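Summary of structural features
Residues per chain, in single letters:
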Number of protein chains: 2
Amino acid sequence: MDTLDIGEVIRHSGLPASTLRYYEEKGLIRPTGRRGLRRLYHPDVLQRLALIALGRTAGFSLDDIAGMFGPDGQPQIDRQQLLARADELERTIRRLSALRDGLQHAAHCPAPNHMACPTFRKLLQTAGTAPRHPRQPGKP
Amino acid sequence: MDTLDIGEVIRHSGLPASTLRYYEEKGLIRPTGRRGLRRLYHPDVLQRLALIALGRTAGFSLDDIAGMFGPDGQPQIDRQQLLARADELERTIRRLSALRDGLQHAAHCPAPNHMACPTFRKLLQTAGTAPRHPRQPGKP
DNA sequence: CTGCAAATTCAAGTCGACTTGAGGTCAAGC
DNA sequence: GCTTGACCTCAAGTCGACTTGAATTTGCAG
């Protein structure tokens with residue numbers, strides 16, 4: 001049988017049913033049918049969910065991601081959009097790297113308190129302007 | 001005069017008054033007094049705000065950050081905590097780097113659609129497990 | 001003294017991505 | 001045939017970090 005029960009999707013993807021239903025409501029995924037009430041999915045849904053996860057990680061919103069699938073369901077991701085996001089990612093990475101260095105320095109710095117450390121203070125200067133970028137909510 | 005009017009804090013920090021009040025309510029900052037209704041701040045508040053911004057960028061919540069100031073107002077940031085955060089940052093950076101590479105590849109990949117590209121598919125494999133990490137809300 | 005821009009308070013609203021809860025349905029195993 | 005547990009629906013709630021709005025108060029320029 002070439003369909004997955006929602007239970008299997010849950011097991012394979014690690015996502016809770018509520019999330020799958022939410023994604024469906026958002027138009028991100030679509031069950032191929034039902035067995036009774038139970039949703040049935042095409043196995044491809046797993047790849048699609050992975051793609052969604054990837055997009056979220058890259059900083060796209062669910063709505064952004066929904067826009068990346070053509071009406072046929074094939075991903076039609078605009079290359080410009082990808083590059084733009086890669087650029088933004090690059091900038092984020094730079095800032096986070098600086099930050100990581102700063103944190104490590106602060107953790108080892110012998111100054112009595114962090115404000116007495118020139119490196120730390122310098123970090124404060126440059127960290128003022130933060131880029132705004134969506135998040136990833138936890139699954140507490 | 002060694003105090004800043006809230007208006008000056010706004011100009012120097014770029015934060016709106018509502019945010020300053022919110023931070024105050026959270027115990028993150030404290031005005032030194034008032035002129036009429038208007039809050040007055042010690043110039044140090046700017047550094048403190050920078051520190052808060054830094055902490056947010058590093059992924060700390062406002063509550064976390066509030067806990068990093070001793071009762072005297074001096075930052076007392078636990079070094080273990082800093083190192084832990086630096087580690088987490090390091091992991092995040094790695095993932096984002098891989099992602100950036102993947103996005104760039106996808107943007108240039110000649111495959112008819114992204115799913116036909118092996119590199120992209122490989123990216124999907126590894127991006128499944130995302131670390132959970134707070135966000136930064138925008139200011140639109 | 002008057003006017004007004006800039007502050008103030010307080011409660012309530014927003015946003016995205018989900019989760020939770022109450023009450024209902026049903027396929028499969030005994 | 002009956003139970004059971006996994007699923008269902010739908011509305012409402014949550015979380016963090018702010019923002020917004022209405023009604024008020026002020027400091028200061030003219």
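Residues numbered from 1 in each chain as written. Chains lettered and ligands numbered in written order. Predicted model: local features only at pLDDT ≥ 70, side-chain atom pairs only at ≥ 80, totals over all residues. Heavy atoms only, no water.

Some remarks on the overall build of chain A
If you tally the helices and strands in chain A, you get six helices and three strands. Element order for chain A, N to C, with α for helix and β for strand: β-α-α-β-β-α-α-α-α. Here chain A, with 140 residues, has 44% of them falling under the buried criterion. When contacts within chain A are restricted to residue pairs at least 6 apart in sequence, those whose partners lie at least 24 apart make up 52%. Surface summary for chain A: the accessible area is close to 7800 Å², and the carbon and sulfur share equals 51%. (Helix = DSSP H or I, 4+ residues; strand = E, 2+ residues; numbered from the N terminus. Buried < 20%, exposed > 50% of the residue type's maximum accessible area, 1.4 Å probe, protein only. Contact = heavy atoms within 4.5 Å. Areas by Shrake-Rupley, 256 points an atom, 1.4 Å probe, with all protein chains shown as cover.)

Examining the packing of aromatic side chains
A full pass over the atoms with the stated rule returns two aromatic pairs over all chains. Ring plane angle 45° and centroid distance 6.3 Å describe the contact between A:Tyr22 and A:Tyr23, whose orientation is recorded as tilted. Since its relative accessible area comes to 38%, A:Tyr22 is described here as partly exposed. Positioned above the aromatic ring of A:Phe69 is the side chain of A:Arg48, whose terminal nitrogen or guanidinium carbon lies 3.7 Å from the ring centre. It is B:Arg85 that lies over the ring of B:Phe60; its NZ or CZ is 4.3 Å from the centre. (Phe/Tyr/Trp six-rings, centres within 6.5 Å; stacked < 30°, edge-to-face > 60°. Lys NZ or Arg CZ within 6 Å of the ring centre and 35° of its normal.)

Examining the confidence of the model for chain A
All names here are of chain A. When pLDDT is averaged across chain A, the result is 85; 89% of the residues are at 70 or more. Of all the helices and strands in chain A, helix α6 (residues 118–126) carries the lowest mean pLDDT, 81, while strand β3 (residues 38–41) carries the highest, 98. Segment residues 131–140 is flagged for pLDDT under 50; beyond a separation of four residues in sequence, or across chains, it makes 33 contacts in the model. (pLDDT = per-residue confidence, 0-100.)

Considerations on the protein's contact with DNA strand C
As a structural note, the neighbourhood of DNA strand C is formed by 19 residues, with A:Ser18, A:Thr19, A:Tyr23, B:Arg34 and B:Arg39 the closest of them. The side chain of A:Tyr23 places a nitrogen or oxygen atom 2.9 Å from a phosphate oxygen of DNA strand C. Between a phosphate oxygen of DNA strand C and a side-chain N or O atom of A:Arg56, the distance comes to 3.4 Å. When contributions to the surface near DNA strand C are tallied by element, the ones reaching two or more residues are α2 (17–25) of chain A together with α1 (6–13) and β3 (38–41) of chain B. Ranked by residue count, the leading element in the surface near DNA strand C is α2(A), at four residues. Tallied by class, the residues present in the surface near DNA strand C amount to eight nonpolar, five polar and six charged. (Near = heavy atom within 4 Å. Polar contact = N/O pair within 3.5 Å; in protein donor to acceptor, adjacent residues only side chain to side chain. Nonpolar A, V, L, I, M, F, W, Y, C, P; charged D, E, K, R; others polar.)

Let's talk about the UniProt feature "coiled-coil region" (unreviewed entry) in chain A
Mapped onto the present numbering, the UniProt feature "coiled-coil region" (unreviewed entry) falls at residues 79–106 of chain A. In this annotation, residues 79–106 of chain A is assigned 100% helix and 0% strand; the end-to-end C-alpha distance for the span is 40 Å. (UniProt positions renumbered as here; feature names shortened; annotations may be inferred.)

Here we look at the pattern of salt bridges
When the charged atoms of two side chains lie near each other, side chains of opposite charge can form a pair. Inspection of the entire model under this criterion finds 14 salt bridges over all chains. Of the charged contacts in the structure, one is a salt bridge between B:Arg39 and B:Glu24, with a shortest N-O distance of 2.6 Å. Of this pair, B:Arg39 sits in strand β3 while B:Glu24 sits in helix α2 (residues 17–25), placing them 15 residues apart in sequence. On the accessibility criterion, B:Arg39 (16% relative accessible area) is buried. Residue classification places B:Glu24 among the partly exposed residues on the basis of a relative accessible area of 22%. Taken together, the shared-partner salt bridges in this structure form one network comprising A:Glu90, A:Arg94, B:Arg100 and B:Asp101. (Salt bridge = Lys/Arg side-chain N within 4 Å of Asp/Glu carboxyl O.)

Regarding the protein's contact with DNA strand D
Near DNA strand D, the surroundings consist of 21 residues, among which A:Arg34, A:Arg39, B:Ser18, B:Thr19 and B:Tyr23 are the closest. The sugar-phosphate backbone supplies 81% of the atoms of DNA strand D found within 4 Å of the protein. The contact in question runs from a base nitrogen of DNA strand D to an N or O atom on the side chain of A:Arg38, over 3.4 Å. Elements supplying a minimum of two residues to the surface near DNA strand D: α1 (6–13) and β3 of chain A together with α2 of chain B. The element contributing the most residues to the surface near DNA strand D is α2(B), with four residues. A class-by-class count of the residues in the surface near DNA strand D yields seven nonpolar, five polar and nine charged.

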